[in-house]
Amino acid sequence: MAMVGGRDNWTGARLAEGRYEITRVLGEGGMGFVYAARDHSLNADVVVKVPRRAMLQEDPQFAARFQRE
């Protein structure tokens, strides 16, 4: 998943053509950030994990590890 406008805090962003609306930060770890979001297609609350930009830029194998996780 690409960064939204190059920022690390996605609160308020809409992803996937508006399907997901990021509502708040739940936490962060070494690999990325975890957000609460609303899935408007399913009408349900979901969790979205976003990788750290620096990790994607510095480690060419990071994206594959992040997807497996």
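Residues numbered from 1 in each chain as written. Predicted model: local features only at pLDDT ≥ 70, side-chain atom pairs only at ≥ 80, totals over all residues. Heavy atoms only, no water.

**Some points on the sheet that holds strand E1 (residues 14-15)**
Okay, so step 1: A sheet is described by the order of its strands in space; here 4 strands give the open sequence E1-E2-E3-E4, paired in antiparallel fashion. The open sheet has two edge strands with one neighbour each: E1 and strand E4 (44-51). (Pairing = 2+ DSSP bridges. Helix = DSSP H or I, 4+ residues; strand = E, 2+ residues; numbered from the N terminus.)

**Topic: the pairing of strand E3 (residues 32-39)**
Walk down a regular strand and you will see the side chains alternate between the two sheet faces.
Okay, so step 1: Of all 8 residues that make up E3, 6 are buried, and the element is covered over most of its length.
Okay, so step 2: In the sheet, strand E2 (residues 20-28) pairs with E3 via 7 bridges, with the strands oriented antiparallel. Residue pairing across strands places glycine 27 opposite valine 34, the latter belonging to E3.
Okay, so step 3: Hairpin connection of E2 to E3: 3 residues between the antiparallel strands.
Okay, so step 4: When E3 meets E4, the two strands line up antiparallel, connected through 8 bridges. In the sheet register, arginine 38 faces E4, and the bridge partner there is aspartate 45.
Okay, so step 5: Between E3 and the antiparallel strand that follows it, E4, lie 4 residues; asparagine 43 among them carries a positive phi value of about 55°. (Buried < 20%, exposed > 50% of the residue type's maximum accessible area, 1.4 Å probe, protein only.)

**A few points about unusual backbone geometry**
Okay, so step 1: The phi torsion at glutamate 17 lies on the positive side, around 55°, for a residue other than glycine.
Okay, so step 2: With respect to the helices and strands, the residue glutamate 17 is situated in the loop between E1 and E2.
Okay, so step 3: By relative accessible area, which is 88% here, glutamate 17 ends up exposed.
Okay, so step 4: A positive phi angle, close to 55°, is found at asparagine 43, a residue other than glycine.
Okay, so step 5: Looking at the element boundaries, asparagine 43 is found in the loop between E3 and E4.
Okay, so step 6: The exposed category is assigned to asparagine 43, whose relative accessible area is 58%.

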